Amino acid sequence: MNGPTSQTFVKLLAARDFERMTAAMASDAHARFLLPHGLEEYTGSDAIVGRIKSWFGSASVFDLTSSSEEPVGRRQRLNWRFSVVRDGRSREVIEQLVYLDIGPDGIERIDLLCSGFQIEPGAAAGPVRVFDAGAMGCADGLAQEFRSQIAKLPIGGSLEVVVSDPAAKEDLPSLARLLGQRVMATEAHDDGRLTITVERKK
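Computed from a prediction, not measured in an experiment: that's the story for all the values here.

## Quick word on helix H4 (residues 142–151)
Within the span of H4, buried status applies to Leu142, Phe146, Gln149 and Ile150. End-on, the buried residues of H4 take up no more than an arc of 90°, which puts them together on one face. Of the residues in H4, the exposed ones pointing more than 90 degrees away from the buried face are Gln144 and Ala151. Where the residues of H4 are buried, they touch strand E8 (128–134), strand E9 (158–163), helix H5 (168–178) and strand E11 (194–199).

Pasting the structure below:
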């Protein structure tokens, strides 16, 4: 196989034709994926395509917005960007830069650098839930109730916690970060209450 194989790869990805994508690879192909959380390596066409399918296979929207290709010596350099909606979340953008080695049996090696899924500028924010905790503090159930309330939101949604316990200003953001969530804002009101806004990230 030669140059057109790399062009075909982008088309197969855009069509999410994972069966033909697997057939375009050598059976013992090797891939290295540098993702936001770290490096992953896979050997074998089924394993490689299986991982790619896990990123994009279930997206309800999957639009190719740009792509490019050029040779770098004997390698093929590809770049693509997709606009994606996953599981009813906000519209996201993801970009990947890829180098392919192509041999007589198909694609033999893939080195991929990924931006991760990023919220598109101007995309609608996720749903917002307001939780009025009253005078509840972390010592008497606020922590447990916060976990319960944020678990009801989809990833990307926000929880606005309204609370009058002064200690919550420090305790609740610390708990949210410990749970892997994003503290977006802490607002003090004239009546002594606080509104702490937390985005669900995981």
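## What to know about the sheet that holds strand E10 (residues 182–188)
The strand order across the open sheet formed by 4 strands is E8-E9-E11-E10, and the pairing between neighbours is mixed. Edge positions in the sheet fall to E8 and E10, since each of these pairs with one other strand and no more. Across the sheet, the mean angle from the axis of one strand to that of its neighbour is 20°, orientation sign disregarded. In the sheet, E8 pairs with E9 via 6 bridges, with the strands oriented parallel. Each bridged residue has a counterpart across the sheet, and for Gly134 the counterpart in E9 is Val163.

## Looking at the pattern of salt bridges
The full count for this structure, using the stated rule, is 11 salt bridges. A salt bridge links Arg32 to Asp111; its shortest N-O distance comes to 3.1 Å. Note that Arg32 is positioned in strand E1 (residues 25–35) and Asp111 in strand E6 (residues 106–114), a separation of 79 residues in sequence. The class for Asp111 is buried, based on a relative accessible area of 13%. Residues Asp111 and Arg109 are paired through a salt bridge, measuring 3.3 Å at the closest nitrogen-oxygen approach. The network of salt bridges with shared partners includes Arg32, Arg75, Asp101, Arg109 and Asp111.

## As for the side chain of Ser45
Summarising the element assignment, Ser45 is placed in helix H3 (residues 45–56). Setting aside chain neighbours within four positions, we find Ser45 in contact with Thr22, Met25, Ala26 and Ser27.

## Details of the packing of H4 against H5
Contact pair H4 / H5: the axes reach a minimum separation of 11 Å and the direction vectors enclose 45°. Between H4 and H5, the angle falls in the class oblique. Taken as a pair, H4 and H5 cross one another with a handedness that is right-handed. Between H4 and H5, the contacting residues are Leu142, Ala143, Phe146 and Arg147 on the first element and Ala168, Leu172, Leu175 and Ala176 on the second. Partitioning the contact of H4 with H5 into residue classes produces 7 nonpolar, no polar and 1 charged.

Here is what the cut-offs are and how they apply
Residues numbered from 1 in each chain as written. Predicted model: local features only at pLDDT ≥ 70, side-chain atom pairs only at ≥ 80, totals over all residues. Heavy atoms only, no water. Buried < 20%, exposed > 50% of the residue type's maximum accessible area, 1.4 Å probe, protein only. Helix = DSSP H or I, 4+ residues; strand = E, 2+ residues; numbered from the N terminus. Arc of directions from axis to C-beta. Contact = heavy atoms within 4.5 Å. Pairing = 2+ DSSP bridges. Axes fitted to C-alpha atoms, helices over the stretch in contact; angles between N-to-C directions. Salt bridge = Lys/Arg side-chain N within 4 Å of Asp/Glu carboxyl O. Parallel < 35°, antiparallel > 145°, perpendicular 65-115°, else oblique. Left-handed = near helix turned anticlockwise from the far one by under 90°. Nonpolar A, V, L, I, M, F, W, Y, C, P; charged D, E, K, R; others polar.

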